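Commentary on secondary and tertiary structure
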Amino acid sequence: MRRCRKAVMIYAVLLGVACGGCGGGSPTAPSATTTTTFSGIVTNIVTGAVVAGATITIGTVLATSASDGTYSLAVTTAGTPSFSAAAPGYYTRESAVSMSGSKTINPEIIPQGDGFNLEFFNWLFRENGTKGTERPVVIPNYEIWTRQMQCTELSTDGYDACKRMIVIADSIPAIYEENIRSGIAQFGRLTGGAFTNPTITTKTHPVDLVISRNDWLTANGTVSLSYFPAGLWSDANSDGNNAYMSMGLSSTQPGHILHGWRAAEDLGIVTHELAHSLGYGHPSGREKWPDSIMGDYQDGGYGISAADELHGRILYKRPYGSLTPDRDPAGATIN
Ligand SMILES: [Zn+2]
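Heads up: these notes are all about the structure in this document. Residue indices follow the written sequence of each chain, beginning from 1 at its first position. Only residues with pLDDT of at least 70 are given local features in this predicted model, and only at 80 or more are side-chain atom pairs given and counted; all residues enter the totals for whole chains, interfaces and linings. Excluding hydrogens and water, the side-chain values take into account all heavy atoms of the structure.

As a further point, take the overall build of the protein chain. Helix and strand labels come from DSSP, where a helix needs a run of H or I of at least four residues and a strand needs a run of E of at least two; each type is numbered from the N terminus. Helices and strands together make up the secondary structure of the protein chain, namely 6 helices and 16 strands. Split into buried and exposed, the 335 residues of the protein chain put 50% on the buried side. The contact rule is simple, with two residues in contact once any of their heavy atoms fall within 4.5 Å. The contacts of the protein chain with a sequence gap of at least 6 include a subset with a gap of at least 24, amounting to 71%. The Shrake-Rupley method, run with a 1.4 Å probe sphere, supplies the accessible areas, and residue values consider only the shown protein chains as cover. Taken as a whole, the protein chain presents about 13200 Å² of accessible surface, with 50% of it coming from carbon and sulfur. Buried means the residue's accessible area, taken with a 1.4 Å probe over protein chains only, is under 20% of the maximum for its type, while exposed means over 50%, and partly exposed covers the values in between.

In structure tokens, the structure reads:
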């Protein structure tokens, strides 16, 4: 069994905080009182089934969804009223409404069941529930480094991460590039179809070029990938099995993925590191989720489980920074 042994996961959202798929609007700007009739249909985000008897509340008015899941609600207010959709057996969807946004609001609410597991969701995307969700809001570009790298200096923070590396003349093995492209081809599964077909380029650095960690010579929003043969970085930790994603310490830096020579041959490990760049994490308790791409999975295949796909799909239907159980961050609106 091989896996990513060192999880030096210092990732941040690639392009900063934004609210995905939601309206803007300034909550502090004065605005006139208006009346808007909102309507839509409430569904189960996992099964797609309509949800009857859900309570939709906008500001101080509320309505109950009918047997076909539909509701209609006339709202007279100024500003950005609160929104919630609550139903027995579901997590309450909480957001806010833009009075000038779409009049159609179709809440897809998260069931307490049907395969959704809040503990797993929090483990994957919210540091076991201690933070808001983190994910890129724009699909990253990927850059494959075609020459091998040799680490010349390890970090002293206990992770033995590579702080400084040098480009050597050898080309990366074909299997590494194949695995990267195969892993990226699975992004639709990891993001519910939100992020597919990212731009993939290759870069051939000059031999002997020295590159420092977090100075990856790429633009923000680019994730580069490098390969390390036997040598300081590989040998320091074990035997080429190491791999990690090292993204910038802030949203203003690009990301980088490193693979030791043995890890690079393993499609599951390559896909695992790529999943980090999509917001997938693995804080403590990794052994509890053996089937997950971020868990204690076995060799072979991509390592993506049905649960990974389900929870990743929900992540990508929510804005960056959403909170448990299903609360949008301040400033986000549902329409
Ligand atoms: Zn990892």
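This part covers the pattern of salt bridges. Here, a salt bridge means any Lys or Arg side-chain nitrogen found within 4 Å of an Asp or Glu carboxyl oxygen. All told, the structure shown has 11 salt bridges when counted by the stated rule. The partner of Lys131 in a salt bridge is Glu134, with the nearest N and O atoms 3.3 Å apart. When its relative accessible area of 36% is taken as the criterion, Lys131 is described as partly exposed. Residues Asp326 and Arg318 are paired through a salt bridge, measuring 2.7 Å at the closest nitrogen-oxygen approach.

A few words on the sheet that holds strand β7 (residues 93–96). Adjacent strands of a sheet form backbone hydrogen bonds with each other and so pair up, either parallel or antiparallel. Two strands qualify as a pair provided that DSSP identifies no fewer than 2 bridges between them. The antiparallel open sheet is built from 4 strands, whose spatial order is β4-β3-β6-β7. In this open sheet, the two edge strands, each paired with only one partner strand, are β4 (61–64) and β7. Taken pair by pair, the neighbouring strands of this sheet meet at an average axis angle of 15°, ignoring direction. Pairing geometry for strand β3 (residues 55–58) and strand β6 (residues 82–86), over 4 bridges, is antiparallel. From the neighbouring strand, Thr57 faces β6, where its bridge partner is Ser84. Convention adopted: a line fitted to C-alpha atoms gives each axis, helices being fitted over their contacting stretch, and angles between N-to-C directions are expressed from 0 to 180 degrees.

Right, let's get into the environment of Phe195. If you trace the backbone, Phe195 turns up in the loop between α3 (187–190) and β12 (200–203). Taking the relative accessible area as the measure of exposure, Phe195 reaches 9% and is therefore buried. In contact with Phe195, not counting residues within four places along its chain, are Pro136, Val137, Val138, Ile139, Pro140, Phe187, Gly188, Leu278 and Tyr316.

With that out of the way, let us pick up the state of the cysteines. To count as a disulfide, a pair of cysteine sulfur atoms needs to be within 2.5 Å. Under the criterion given, the structure shown has 1 disulfide. In this model Cys151 forms its disulfide with Cys162; the gap between the sulfur atoms is 2.2 Å. When the S-S torsion is 110°, as for the bridge of Cys151 with Cys162, the disulfide is right-handed. Within this pair, whereas Cys151 is found in strand β10 (residues 147–154), its partner Cys162 is found in strand β11 (residues 162–171), the two being separated by 11 residues in sequence.

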